[in-house]
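The primary structure of each chain is shown beneath.
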Amino acid sequence: MLSVTLRHRFAGFTLDVGFDAPEGLTALFGHSGSGKTTVVNAVAGLLRPDFACITDGDTVLTDSRRGIFLPPHRRGIGYVFQDARLFPHLTVRQNLLFGHWFTGRGQKAQLSRVVDMLGIGALLPRRPAALSGGERQRVALGRAILSHPRMLLMDEPLASLDQPRKDEILPYLERLRDEVGLPILYVTHSPAEVARLATTIVLMDRGRVLASGPAAQVMSDPATAPRLGLADTGAILTAQIKGQDADGLTWLSTPAGPLFLPQVAAPIGRSLRLRILAQDVMIATVPPQGISALNIIPATVRDLTHADGGVLVRLDVGGQAILSRITARSARVLDLQPGKPVHAVLKAVSVAPGTIGLSAG
Amino acid sequence: MADWLTPEAWQAVRLSLKVSLWATLASLPLGILAAYALARWRFPGHGLLNGLVHLPLVLPPVVTGYLLLLTFGRRGWIGQWLDQIGIVLAFRWTGAALAAAIMAFPLMVRAIRLSVEAVDPRLEQAASTLGASRPWVFLTVTLPLILPGILAGAILAFAKAMGEFGATITFVSNIPGQTQTVPSAIYAFLQAPGGETAAARLVLAAIAVALGALFLSEWLSRLVARRIGGA
């Protein structure tokens, strides 16, 4: 587990953060200028903070008190930059093997495995100048993996790409998280990427950590969820595919009960992460009838938080939490109180396919 | 063809090529180091080093030659010491090479420094996260990327060395077969009555060498550019 404590002063800006990043993908989320990249650079050893204690398990990477600062090349930490940073004088193949050559770890045979996983076999003899943005980013990813790092840092690896290119790379990131099992520290300001990829979230704002913890918890916490953007506020629910109905609906089982979604192209038994936006969840105090929404889940009100003229209601559904955003008047009329049993109404279409991520089954 | 130039003139051409080649090759590692240090490192004395490197560019060449004589002459404070281990520079072709190297050094460093500044330090950072130590980052990333600048600097320095006159003649004089380079020979021919023809032919030879160096540099830099940036 990566453990980070650091303080660093810039002109007119002080960074003061502390968090833990367990196995899986830890998303460092925050607006531009909140200090995310500085944190990642300090972990990589590219920046020497005023004060820092950064450890990975038993390995001390930086410890200001004991005067320890491991240089970047001895940290064994792969870094995927926003701007790929491929070496222009080397071919794709030479770029991929660059780290292998220095660390001497791993087998060269792994090259073909990684090349297959990233689908970059046809690019090997080319030079970076001849690659598209998405191809460059995949090569950069492969280059970092092939240096056999103890962990991966990614600084907005998708930010410079358009949506089709993002969609091209996201599945590889999921495979990396689930199949390779490499701990990943992932910087982003995109709620969609957080929802799809993160297992742990560290929420940053102006050089401070506002909240950190398991993704499902941080995303369903009314105190922190709005920080991800009001329109994007929503909870994560884990689900498993139970069946495909003839009329084009997929039947999923969740801790909250069965859910129906427009066809999900995944085999039966597969685990999914569903993202349920707060604005797509309605609340009814009695089981609604004669309604087009297919998914009506029994729930209990856990708490209410007033935010931006509305109310964010956290609902307990079979041990997991989802959020619902309603008006203050509705909350009053329905007399919503913590502990009150209600029904959460989700429209079947509210779980967009783009936000469905396959998680470790 | 061979008798187109007098034996004395041929000797001057051969000596000039030898002096310039040695001056360039021997100063190249130091030139790369100085250019890299000036472009990348911040240290006390940065401005001083920069001034020192550029001094031969702004000093009258005769002054540079005289200062060389004072330091590297047989009784100079470095020359004395070199004399004891059997190295004599004053009035030898090696001294001509030293004078040419020092006069050409600012040009070489400027060209290389520009190319170092053009290398994105973030590429070097990327290399370090992939396990390359500082010297390896330099050898595998920086050096290949500044190769065009190194070639340009070397050829510029070579051309400058070929034409060096003032510092050379002050430091090592004008001894045929020993220290008489092409410019010194042209000067000597022009001093003697009836030497205009020989001088003119030597001028043509100098132009030919200069143009050759220019074409070589163009060709090399295009070759390198294709290797580095090309598809």
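The rules we used
Residues numbered from 1 in each chain as written. Chains lettered and ligands numbered in written order. Predicted model: local features only at pLDDT ≥ 70, side-chain atom pairs only at ≥ 80, totals over all residues. Heavy atoms only, no water. Phe/Tyr/Trp six-rings, centres within 6.5 Å; stacked < 30°, edge-to-face > 60°. Lys NZ or Arg CZ within 6 Å of the ring centre and 35° of its normal. Domains from an automatic or database assignment. Contact = heavy atoms within 4.5 Å. Buried area = accessible area lost by both parts, 1.4 Å probe. Salt bridge = Lys/Arg side-chain N within 4 Å of Asp/Glu carboxyl O. Polar contact = N/O pair within 3.5 Å; in protein donor to acceptor, adjacent residues only side chain to side chain. Helix = DSSP H or I, 4+ residues; strand = E, 2+ residues; numbered from the N terminus. Nonpolar A, V, L, I, M, F, W, Y, C, P; charged D, E, K, R; others polar. Pairing = 2+ DSSP bridges. Axes fitted to C-alpha atoms, helices over the stretch in contact; angles between N-to-C directions.

## Thoughts on the packing of aromatic side chains
In step 1: All chains considered together, the criterion is met by eleven aromatic pairs over all chains.
In step 2: Look at A:Tyr79 and A:Phe81: their rings are 4.0 Å apart centre to centre, the planes differ by 15°, and that puts the pair in the stacked class.
In step 3: An aromatic cluster of at least three residues, connected via ring pairs, comprises A:Phe87, A:Phe98, A:Trp101, A:Phe102 and B:Trp136.
In step 4: We note A:Arg143 situated over the ring of A:Phe87; from NZ or CZ to the ring centre the distance is 4.7 Å.

## Some thoughts on the domain arrangement of chain A
Residues and elements named next belong to chain A.
In step 1: What the domain assignment reports for chain A is domain 1 (2-226) and domain 2 (234-358).
In step 2: For domain 1 versus domain 2, the distance between C-alpha centres works out to 32 Å.
In step 3: Of the residues lining the interface, 18 residues belong to domain 1; the matching set on domain 2 comes to 15 residues.
In step 4: Carbon and sulfur atoms supply 55% of the area buried between domain 1 and domain 2, which totals about 1200 Å² over both sides.
In step 5: The interface formed by domain 1 and domain 2 includes zero salt bridges.
In step 6: Put simply, domain 1 and domain 2 have zero residue pairs in polar contact (both at pLDDT 80 or more) between them.
In step 7: Of all the elements, helix H6 (residues 191-197) adds the most residues to the side of domain 1 that touches domain 2, at six residues.
In step 8: Tallied by class, the residues present in the side of domain 1 that touches domain 2 amount to twelve nonpolar, one polar and five charged.

## A closer look at the sheet that holds strand E20 (residues 341-346) of chain A
Residues and elements named next belong to chain A.
In step 1: Strand order in the open sheet made by the five strands is E16-E20-E17-E18-E19, with antiparallel pairing throughout. If you trace the sheet from one side to the other, it starts and ends with strand E16 (281-284) and strand E19 (320-327), each paired once. When the angles between neighbouring strand axes are averaged without regard to direction, this sheet yields 45°.
In step 2: Relative to E20, strand E17 (residues 295-307) runs antiparallel, the two being bridged by six bridges. The partner of Ala299 across the bridge, within E20, is Val342.

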